[in-house]
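Below are the chains, spelled out letter by letter.
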Number of protein chains: 4
Amino acid sequence: MTLRVLARQEAQAELALPRSTYDYYAGGSGEEITLESNLAGWRGYRLRPRVLRDVAEVDTSTEVLGTRLAAPVVVAPSALHGLAHPDGEVATAAGTADSGSLLCLSTRSSVPLEEVAAAGSGADWWFQVYVMRDRELTEGLVRRAAAHGAKALVLTGDTPYVGLKKRTTEGLSVGSLHLANLAQHVAGGVVDQRATEQDPGIGLDVIGWLHEVSGLPVVVKGVLRGDDARDCVSAGAGGVLVSNHGGRQLDRAVPTALALPEVVEAVGAEVPVLVDGGVRTGVDALVALGLGASAVLLGRPVLWALAAAGRAGVTQCLDAVRADLAHVMALAGARSVAELPEGLVTR
Amino acid sequence: MTLRVLARQEAQAELALPRSTYDYYAGGSGEEITLESNLAGWRGYRLRPRVLRDVAEVDTSTEVLGTRLAAPVVVAPSALHGLAHPDGEVATAAGTADSGSLLCLSTRSSVPLEEVAAAGSGADWWFQVYVMRDRELTEGLVRRAAAHGAKALVLTGDTPYVGLKKRTTEGLSVGSLHLANLAQHVAGGVVDQRATEQDPGIGLDVIGWLHEVSGLPVVVKGVLRGDDARDCVSAGAGGVLVSNHGGRQLDRAVPTALALPEVVEAVGAEVPVLVDGGVRTGVDALVALGLGASAVLLGRPVLWALAAAGRAGVTQCLDAVRADLAHVMALAGARSVAELPEGLVTR
Amino acid sequence: MTLRVLARQEAQAELALPRSTYDYYAGGSGEEITLESNLAGWRGYRLRPRVLRDVAEVDTSTEVLGTRLAAPVVVAPSALHGLAHPDGEVATAAGTADSGSLLCLSTRSSVPLEEVAAAGSGADWWFQVYVMRDRELTEGLVRRAAAHGAKALVLTGDTPYVGLKKRTTEGLSVGSLHLANLAQHVAGGVVDQRATEQDPGIGLDVIGWLHEVSGLPVVVKGVLRGDDARDCVSAGAGGVLVSNHGGRQLDRAVPTALALPEVVEAVGAEVPVLVDGGVRTGVDALVALGLGASAVLLGRPVLWALAAAGRAGVTQCLDAVRADLAHVMALAGARSVAELPEGLVTR
Amino acid sequence: MTLRVLARQEAQAELALPRSTYDYYAGGSGEEITLESNLAGWRGYRLRPRVLRDVAEVDTSTEVLGTRLAAPVVVAPSALHGLAHPDGEVATAAGTADSGSLLCLSTRSSVPLEEVAAAGSGADWWFQVYVMRDRELTEGLVRRAAAHGAKALVLTGDTPYVGLKKRTTEGLSVGSLHLANLAQHVAGGVVDQRATEQDPGIGLDVIGWLHEVSGLPVVVKGVLRGDDARDCVSAGAGGVLVSNHGGRQLDRAVPTALALPEVVEAVGAEVPVLVDGGVRTGVDALVALGLGASAVLLGRPVLWALAAAGRAGVTQCLDAVRADLAHVMALAGARSVAELPEGLVTR
Ligand SMILES: Cc1cc2nc3c(=O)[nH]c(=O)nc-3n(C[C@H](O)[C@H](O)[C@H](O)COP(=O)(O)O)c2cc1C
Ligand SMILES: Cc1cc2nc3c(=O)[nH]c(=O)nc-3n(C[C@H](O)[C@H](O)[C@H](O)COP(=O)(O)O)c2cc1C
Ligand SMILES: Cc1cc2nc3c(=O)[nH]c(=O)nc-3n(C[C@H](O)[C@H](O)[C@H](O)COP(=O)(O)O)c2cc1C
Ligand SMILES: Cc1cc2nc3c(=O)[nH]c(=O)nc-3n(C[C@H](O)[C@H](O)[C@H](O)COP(=O)(O)O)c2cc1C
């Protein structure tokens, strides 16, 4: 159900990782219905390729919010890469940069953002942020990210509380759950659990506030409805990311492949619409692009790649999806991301 | 396919109960198609959550026909709790009250309603009634229920005859089938089988009659069509309960999740519409609420809870669903039962 | 997937019959897609029962083309009952009469029609006919049937050639394939194979011809389209029987449950529309009635019943379906075949 | 899931062939979703047969682009028949001619086209062509085909690059991959890999060019969209062949059974529309004809037939499908390919 490279990396990761880590990464909330229907969602579409069109050169490159990308396939923010690899997000950043892709760094990284930024050696990166109960801490963090070169903020809006997972992950070692980015903002480095929790009381106005304090475009992550997308854009969002958190928050939330069209319809003409959840192949990506997405994000595949082979694994993973995308674009008669055939995707 | 607490309780109940009792509780009529499609019905819907809405406080409480509820999740009437636990409905009533929920007590309880009413220590309860061939007996029973504090009658309308079940339940001990509520209405305590059978010849006019003799609102249970709901309300019903008797009456009757919208459309603006059948999670409940239900009822889960751990088990079960509902409401951007997002539910 | 009585009878028949006979009866043509989708067809519908309607008395009786029936559940014509039971159609006729039902006797019966007619002891019966290459033979046979009391002809229109079956039935003994009804029409009793083959060159005009020579109403069997039904009625048909020959002729022909509505729409106001194929329960029958059928026919179930227990088996089978129909009619709020609730059936 | 003859031949082929050859033939690209949904596509339709129509004579013969056919069931172009049988395409051509069918000979045949043409002993044949990077080589090849009697060109348009297959075919011997048709066009017989690759840069104008240099009608193969079909016809195509290369090019391309109607709608009135992909039975073919196809092509079945029994196997295969088509046409009330009933096919 995935590209050969990615399938192999997942198998390697499953062997390499403790069961609790594997389950922490792989699992979803509730009955894992959304987790599974994310994958099925992309497979539910069919492509209508064109023939006899010049595809001697296929160009997968694109630009999103000023960031140049080798392909519209980027790295979703995910917590605690240190569980997957000793180098944590340093390896992810370097491997992502090697592939000409973009890292959305999670607030909950295992490595402080400064080190991650440095590891990307000049590549653009975005910073994923939660608005925490401690607003000052949030502001400090965001300013730090901007100061160290983050090109956009990804505001995760679907996690007022952490979704209850189906699988137990009891063995996860507490030490490894250390939130490296927050330590320096608090006296003595001891983070107050409650202060760093996401604030479930926030509203749309935080979008404007984050933009103001950071000077960066804010992409709202977790949007699944056209009306919500519209509200976010009205509140100052520079982009929206259609996501259900990889099936880790509200179970039975619509699969992103089904939510994407209504969001594109609502705001696609004004801001970039990104999407993640279950993207595993070039065809998945092509379907998303055909439905109007500006780029797709990969969550778990990058974690498996990291666990399987560190920095090189991440590059392999991203390169594989990019190459597959180029291949299937050619087979579909599409020469560039900007010139996809009309009516490429159907149900 | 259910919450972890409920799944565990069902497993415990299956171990604890004789096979015949388990099958009596678990089974359905005909080919059990409706039994299974009740579960699938809720899962067939998808949720469209909103992001960045203040859900610091989520309020699951509500009121139905004057009864305050900690959550719109209440106990469906089911027969013979004595088969599940020595304390029978006394344990159910107490456990339900502990959870701030509501018990709909079955006419066919193992314990006389007076004792059950007492066990609830002041909590509201409703009384489920069949109109029996012996109309006087019916009237006497209903008056007793009202006198002992029942706040509403639930008139079961889908059981002119008892549906033929798929599973044999031959081992069910006859003694345990004693109908405690009826004994006192008949000379010498010996109940005439035929007199206590439901009268298959009744019509909609019994709604008004029951209301009159009891002074209580009458909720008609078993409604699956908009036109029927309308007829019931015209005949004096104070509410309707969309139900197919948990797949125990007409097999291949529409799953309740599919019947609910047309009933809400027909009468939802005038009377509360409740629903049962296959509700097992907070998401199931949220889907029902999103489709316009005022509350959901749990049938078998409460029986498993009772068999697994008596009074405490019932409380755990109801608390688990309520907590799960609160959790998923927050994830859906819903702060209270009265303020669910528009268009929360889709197919 | 069927009533308990019928399931048991099929199991007994499978044990009792040689494999080749079982497969001859059970099998279908091509890939058996139509065979299976006939069963699934009925299950694809859902019922919308009514509540609180007087169903103290439920009347399943009806009349079709002048034939009174205890229930609209009758016996489909099927060949060679001698393979199932030594008494062949004599047992079927007697068992059918005992149940107040109707036998459609196949031309290809193991017992001459005179004996079968006598065995029914006065009960109405219909005669299924093919128009053979030898038209005189056909005429003689039809006149015999009329003379011996057949009340209608069932003209099988879907078998210009015999459908190629999936299962081999190599062991079928040739002796048992003797066509008892034809022997007397030919010199020396030796039937010329080709003469008794169905004539693939016939057209709609044979309907009028059969009516003329027999004086009986002609029901065309095998109709699956509204336009065809209309053509048949214009050509003099007194009724149409929606059938795909139990999935034994054109594989991937529409399941009868799906074809029925368009045929009812086309001619249901003028002539009775009957249906067969995969009917196994009272609910299947109720769905068919709700869609506008005047009666359903049982094919294989009667063969299993016959093999399992002869005459008594046939009665048990028909009684079981009739009783189940009565039961589910009551649960659906339907007091008689003529007064089914509006909108009883939905998809 | 196929005719008995074809199923047996595939089983024999699987036994006879090395695994790598079997997988090379049987496999598809990507996740093999299109491969499988090609088969499912035809099965998703249902037939609406007519009754009592004169089908004493059923005529399967037809004519496509001037080629008379015993039935509208012809041989799809496929590479390297030498892997299946020592005689390669010589056996295929002879067996096809024996059945009164048509061979579309692949450019990538194991035997030079002159020998194949001779083997057909006068039967019409068509030549499948790719436009290669070396345009002169292409022209030479096409002229040779025309000179040796090809009656049409089949221009494969869906293969700008070869689709990446799911199954590994590592054992395939390189010698057997010799492209016999190309050798004579190059100095010393050594083919330059790159020169003989398909040119991914071609556009619709090659249609006119091929027509010009060959003087033959050009059928574009790989068309899956109405608009594309229209563009091809405007560019001079004499026919279109709805195909996704048997699920070997763009995975998740629409199944051909679903693409066919829109192509027929767009150009069916002007040029013949052919279709291939997953056709395995007479019913599959009848569905295609009912949807407006002029003929169907068989890909893998002919390869299995060839591997199983050479020339005779190919004839058996084609005869089996033709006979099955005749049979099901009769059962559907269709007396000839030109006179199919209206509305024969439904979903
Ligand atoms: C283990 C794990 C941790 C995650 N952590 C975060 C996070 O810290 N912040 C965030 O916005 N999303 C987080 N996500 C969600 C991802 O950004 C993304 O939405 C999701 O993984 C995409 O689905 P996919 O894994 O099917 O590709 C996490 C996902 C996983 C699997
Ligand atoms: C064992 C059992 C006994 C029941 N007894 C009654 C009853 O006495 N009266 C009644 O109205 N409904 C009765 N019901 C139906 C329930 O009220 C309710 O409609 C159904 O159980 C809801 O479906 P669920 O079990 O899937 O939650 C019974 C259900 C079960 C499972
Ligand atoms: C073994 C067998 C023999 C049949 N013979 C005849 C026949 O002689 N004439 C006829 O019109 N239909 C015949 N039929 C078709 C039945 O009349 C009927 O259409 C079909 O069996 C109904 O489907 P069911 O078996 O699923 O109930 C036969 C069916 C079977 C299974
Ligand atoms: C092994 C194999 C080789 C093929 N080679 C060619 C080819 O050389 N040229 C071409 O146009 N199509 C080629 N095809 C595609 C077929 O022409 C045809 O489109 C496809 O096989 C039809 O699907 P089916 O195999 O399900 O019948 C090939 C197919 C197979 C299976």
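Values in this document were obtained by computation on a predicted structure and should not be read as measured data. (Residues numbered from 1 in each chain as written. Chains lettered and ligands numbered in written order. Predicted model: local features only at pLDDT ≥ 70, side-chain atom pairs only at ≥ 80, totals over all residues. Heavy atoms only, no water.)

1. Description of the overall build of chain A
Phase 1 of the analysis: From N to C terminus, chain A includes twelve helices and twelve strands.
Phase 2 of the analysis: Each principal axis of the C-alpha distribution contributes one length, and for chain A these read about 65 × 45 × 40 Å.
Phase 3 of the analysis: Each of the 347 residues in chain A was classed as buried or not, and the buried ones make up 63%.
Phase 4 of the analysis: Counting contacts in chain A only where the partners sit at least 6 residues apart, residues at least 24 apart contribute 75% of the total.
Phase 5 of the analysis: For chain A, the exposed area adds up to about 11700 Å²; of that, 51% sits on carbon and sulfur atoms. (Helix = DSSP H or I, 4+ residues; strand = E, 2+ residues; numbered from the N terminus. Buried < 20%, exposed > 50% of the residue type's maximum accessible area, 1.4 Å probe, protein only. Contact = heavy atoms within 4.5 Å. Areas by Shrake-Rupley, 256 points an atom, 1.4 Å probe, with all protein chains shown as cover.)

2. A few points about the side chain of A:Glu89
Residue and element names in this part refer to chain A.
Phase 1 of the analysis: Checked against the element boundaries, glutamate 89 lands in helix H4 (residues 89–98).
Phase 2 of the analysis: Comment: no salt bridge for buried glutamate 89; closest opposite-charge side chain is arginine 108, at 11 Å.
Phase 3 of the analysis: A distance of 3.3 Å separates the side chain of glutamate 89 from the backbone nitrogen of valine 111, its partner in a polar contact. (Lys, Arg positive; Asp, Glu negative; His and termini not counted. Salt bridge = Lys/Arg side-chain N within 4 Å of Asp/Glu carboxyl O. Polar contact = N/O pair within 3.5 Å; in protein donor to acceptor, adjacent residues only side chain to side chain.)

3. Focus: the pattern of salt bridges
Phase 1 of the analysis: Scanning the entire structure with this criterion turns up 84 salt bridges over all chains.
Phase 2 of the analysis: Between B:Asp227 and B:Arg225 there is a salt bridge, and its shortest N-O distance comes to 2.9 Å.
Phase 3 of the analysis: Under the relative-accessibility criterion, B:Asp227 is labelled partly exposed at 38%.
Phase 4 of the analysis: Judged by relative accessible area, which is 2%, B:Arg225 ranks as buried.
Phase 5 of the analysis: Put simply, C:Arg19 and C:Glu14 hold a salt bridge, and the shortest N to O gap is 3.2 Å.
Phase 6 of the analysis: Three or more residues joined by partner-sharing salt bridges are found here, namely A:Glu14, A:Arg19, A:Asp23, A:Glu32 and A:Arg167.

4. With respect to the site of ligand 3
Residue and element names in this part refer to chain C.
Phase 1 of the analysis: As a matter of local geometry, ligand 3 sits amid 22 residues, with Pro77, Thr156, Asp276, Arg280 and Arg300 nearest to it.
Phase 2 of the analysis: Contacts to ligand 3 include alanine 79, whose backbone N or O atom sits 3.1 Å from a nitrogen atom.
Phase 3 of the analysis: One of the side-chain nitrogen or oxygen atoms of aspartate 276 is found 2.7 Å away from an oxygen atom of ligand 3.
Phase 4 of the analysis: Notes on ligand 3: free accessible area 590 Å², of which the protein chains cover 98%.
Phase 5 of the analysis: Classifying every residue of the shell around ligand 3 by side-chain character gives seven nonpolar, ten polar and five charged. (Near = heavy atom within 4 Å. Nonpolar A, V, L, I, M, F, W, Y, C, P; charged D, E, K, R; others polar.)

5. What about the packing of helix H1 (residues 4–16) of chain C against helix H12 (residues 300–332) of chain C?
All names here are of chain C.
Phase 1 of the analysis: One can describe the packing of H1 onto H12 by two numbers: an axis separation of 9 Å at closest approach and a directional angle of 175°. Relative to H12, the element H1 is oriented roughly antiparallel. Contacts between H1 and H12 involve Val5, Leu6, Gln9, Glu10, Gln12, Ala13 and Ala16 on the former and, on the latter, Pro301, Trp304, Ala305, Ala307, Ala308, Gly313, Gln316, Cys317, Ala320 and Val321.
Phase 2 of the analysis: Tallied by class, the residues present in the contact of H1 with H12 amount to twelve nonpolar, four polar and one charged. (Axes fitted to C-alpha atoms, helices over the stretch in contact; angles between N-to-C directions. Parallel < 35°, antiparallel > 145°, perpendicular 65-115°, else oblique.)

6. Observations concerning the interface of chain D and chain A
Phase 1 of the analysis: Listed as interface residues are 39 residues of chain D and, on the opposing side, 30 residues of chain A.
Phase 2 of the analysis: Its largest share of buried area at the contact with chain A, chain D owes to D:Arg225, D:Leu250 and D:Arg252, together 30% of the area lost on that side.
Phase 3 of the analysis: Between the two partners, chain D and chain A, sit five salt bridges.
Phase 4 of the analysis: In this structure, D:Glu31 engages A:Arg43 in a salt bridge whose closest nitrogen and oxygen atoms are separated by 2.6 Å.
Phase 5 of the analysis: Secondary-structure elements contributing two or more residues to the side of chain D that touches chain A are helix H3 (33–43), helix H8 (205–214), strand S8 (218–223) and helix H9 (226–234) of chain D.
Phase 6 of the analysis: Looking at which element gives the most residues to the side of chain D that touches chain A, the answer is H9(D), with four residues.
Phase 7 of the analysis: Among the residues forming the side of chain D that touches chain A, the class breakdown is 19 nonpolar, nine polar and eleven charged. (Buried area = accessible area lost by both parts, 1.4 Å probe.)

7. Considerations on the relation of the copies chain A and chain B
Phase 1 of the analysis: For the pair chain A and chain B, the best superposition has an RMSD of 0.0 Å and corresponds to a rotation of 90° with a translation of 0.1 Å parallel to the axis. Each copy turns onto its partner about a four-fold axis. (Least-squares fit on C-alpha atoms with pLDDT ≥ 70 in both.)

8. Quick notes on the environment of D:Leu15
Phase 1 of the analysis: Turning to its location among the elements, D:Leu15 is positioned in helix H1 (residues 4–16).
Phase 2 of the analysis: Between the C-alpha atoms of D:Leu15 and D:Ala307, which are 292 residues apart in sequence, the distance is 9.6 Å.

9. Examining the site of ligand 1
All names here are of chain A.
Phase 1 of the analysis: As a matter of local geometry, ligand 1 sits amid 22 residues, with Pro77, Thr156, Asp276, Arg280 and Arg300 nearest to it.
Phase 2 of the analysis: Tyrosine 130 places a side-chain nitrogen or oxygen 3.0 Å from a nitrogen atom of ligand 1.
Phase 3 of the analysis: Coverage of ligand 1 by the protein amounts to 98% of the 610 Å² it exposes when considered alone.
Phase 4 of the analysis: Looking at the shell around ligand 1, its residues break down into seven nonpolar, ten polar and five charged.

10. Considerations on the side chain of D:Thr315
Phase 1 of the analysis: Topologically, D:Thr315 is positioned in helix H12 (residues 300–332).
Phase 2 of the analysis: Dropping the residues within four chain positions of it, D:Thr315 is found in contact with D:Gly95, D:Asp98 and D:Ser99.

11. Points about the interface of chain A and chain B
Phase 1 of the analysis: At the interface, 39 residues of chain A touch 30 residues of chain B.
Phase 2 of the analysis: In total, chain A and chain B occlude about 2600 Å² of area from one another, counting both sides; carbon and sulfur atoms represent 57% of this.
Phase 3 of the analysis: The largest contributions to the chain A side of the interface with chain B come from A:Arg225, A:Leu250 and A:Arg252, which together make up 30% of the buried area.
Phase 4 of the analysis: Applying the counting criterion to the chain A and chain B interface returns five salt bridges.
Phase 5 of the analysis: The salt bridge partner of A:Asp228 is B:Arg53, with a shortest N-O separation of 2.7 Å.
Phase 6 of the analysis: For the pair chain A and chain B, the number of links is 22 residue pairs in polar contact (both at pLDDT 80 or more).
Phase 7 of the analysis: Broken down by element, the residue count for the side of chain A that touches chain B peaks at four residues, all from helix H9 (residues 226–234) of chain A.
Phase 8 of the analysis: Residues of the side of chain A that touches chain B, tallied by class, amount to 19 nonpolar, nine polar and eleven charged.

12. Some thoughts on the arrangement of the chains
Phase 1 of the analysis: Note that chain A does not reach chain C: the shortest distance linking a C-alpha of one to a C-alpha of the other is 22 Å.
Phase 2 of the analysis: Regarding chain B and chain D, the two do not touch, and the least distance separating their C-alpha atoms is 22 Å.

13. What about the packing of aromatic side chains?
Phase 1 of the analysis: A complete count under the given rule lists 16 aromatic pairs over all chains for this structure.
Phase 2 of the analysis: Centre to centre, the rings of A:Tyr24 and A:Tyr25 are 5.7 Å apart; their planes meet at 40°, and the pair counts as tilted.
Phase 3 of the analysis: By relative accessible area, A:Tyr25 is classed as buried at 2%.
Phase 4 of the analysis: With a centroid separation of 4.9 Å and 25° between ring planes, the pair formed by C:Tyr22 and C:Trp304 is classed as stacked. With C:Tyr22 in helix H2 (residues 19–26) and C:Trp304 in helix H12, this residue pair connects regions lying 282 residues apart in the sequence. (Phe/Tyr/Trp six-rings, centres within 6.5 Å; stacked < 30°, edge-to-face > 60°.)

14. Focus on the state of the cysteines
Formally, a disulfide is one covalent bond, and it connects the sulfur atom of one cysteine to the sulfur atom of another.
Residue and element names in this part refer to chain A.
Phase 1 of the analysis: With the rule as written, the count across this model stands at zero disulfides over all chains.
Phase 2 of the analysis: No disulfide involves cysteine 104; its sulfur sits 14 Å from the nearest other cysteine sulfur, which is in cysteine 317.
Phase 3 of the analysis: A relative accessible area of 1% means that cysteine 104 is categorised as buried. (Disulfide = S-S within 2.5 Å.)

15. Some remarks on the packing of H4(A) against helix H12 (residues 300–332) of chain A
What describes two packed helices is the angle between their axes and the distance between those same axes.
Residue and element names in this part refer to chain A.
Phase 1 of the analysis: The N-to-C vectors of H4 and H12 enclose an angle of 25°; their axes lie 6 Å apart at closest approach. Here H4 is positioned roughly parallel relative to H12, judged by the angle of their axes. Each of Ala91, Thr92, Ala94, Gly95, Thr96 and Asp98 in H4 lies in contact with H12, whose residues at this interface are Val302, Leu306, Gly310, Arg311, Val314, Thr315 and Leu318.

16. Here we look at helix H9 (residues 205–214) of chain B
Residues and elements named next belong to chain B.
Phase 1 of the analysis: What H9 keeps buried is the set Val206, Ile207, Leu210, Val213 and Ser214. Across the axial projection of H9, the buried residues extend over an arc of 140°, all falling on one side. Exposed positions of H9 whose direction lies more than 90 degrees from the buried face are Asp205 and Glu212.
Phase 2 of the analysis: Each element contacted by the buried residues of H9 is listed here: strand S6 (125–129), helix H6 (135–147), strand S7 (150–156), strand S8 (218–223) and helix H10 (226–234). (Arc of directions from axis to C-beta.)

17. Focus on the UniProt feature "binding site: glyoxylate" (unreviewed entry) in chain A
All names here are of chain A.
Phase 1 of the analysis: When the UniProt feature table is mapped to this numbering, "binding site: glyoxylate" (unreviewed entry) covers Tyr24, His245 and Arg248. Annotated residues spanning 225 residues; largest pairwise C-alpha distance 13.4 Å, indicating a single compact cluster.
Phase 2 of the analysis: You can see tyrosine 24 is positioned in helix H2 (residues 19–26).
Phase 3 of the analysis: A relative accessible area of 21% means that tyrosine 24 is categorised as partly exposed.
Phase 4 of the analysis: When near neighbours in sequence (up to four residues on either side) are disregarded, tyrosine 24 contacts Ala79, Leu80, Leu83, Thr169, Leu172 and Arg248.
Phase 5 of the analysis: Position of arginine 248 among the secondary structure elements: in the loop between strand S9 (239–242) and helix H10 (256–267). (UniProt positions renumbered as here; feature names shortened; annotations may be inferred.)

18. Some words on empty space enclosed by the protein
Phase 1 of the analysis: Overall, the coordinates contain 16 cavities of 30 Å³ or more when judged by the stated rule.
Phase 2 of the analysis: There is about 210 Å³ of room inside the largest cavity.
Phase 3 of the analysis: Taken together, 27 residues form the lining of the largest cavity, with A:Gly157, A:Asp158, A:Thr159, A:Pro160 and B:Leu52 sitting closest to its centre.
Phase 4 of the analysis: By residue class, the composition of the lining of the largest cavity is 14 nonpolar, nine polar and four charged. (1 Å grid on protein atoms, 1.4 Å probe; cavity = no way out; pocket = protein on both sides within 12 Å on 5 of 7 lines; lining within 4 Å. Points joined across faces, edges and corners; volume = space filled by probe spheres on them.)

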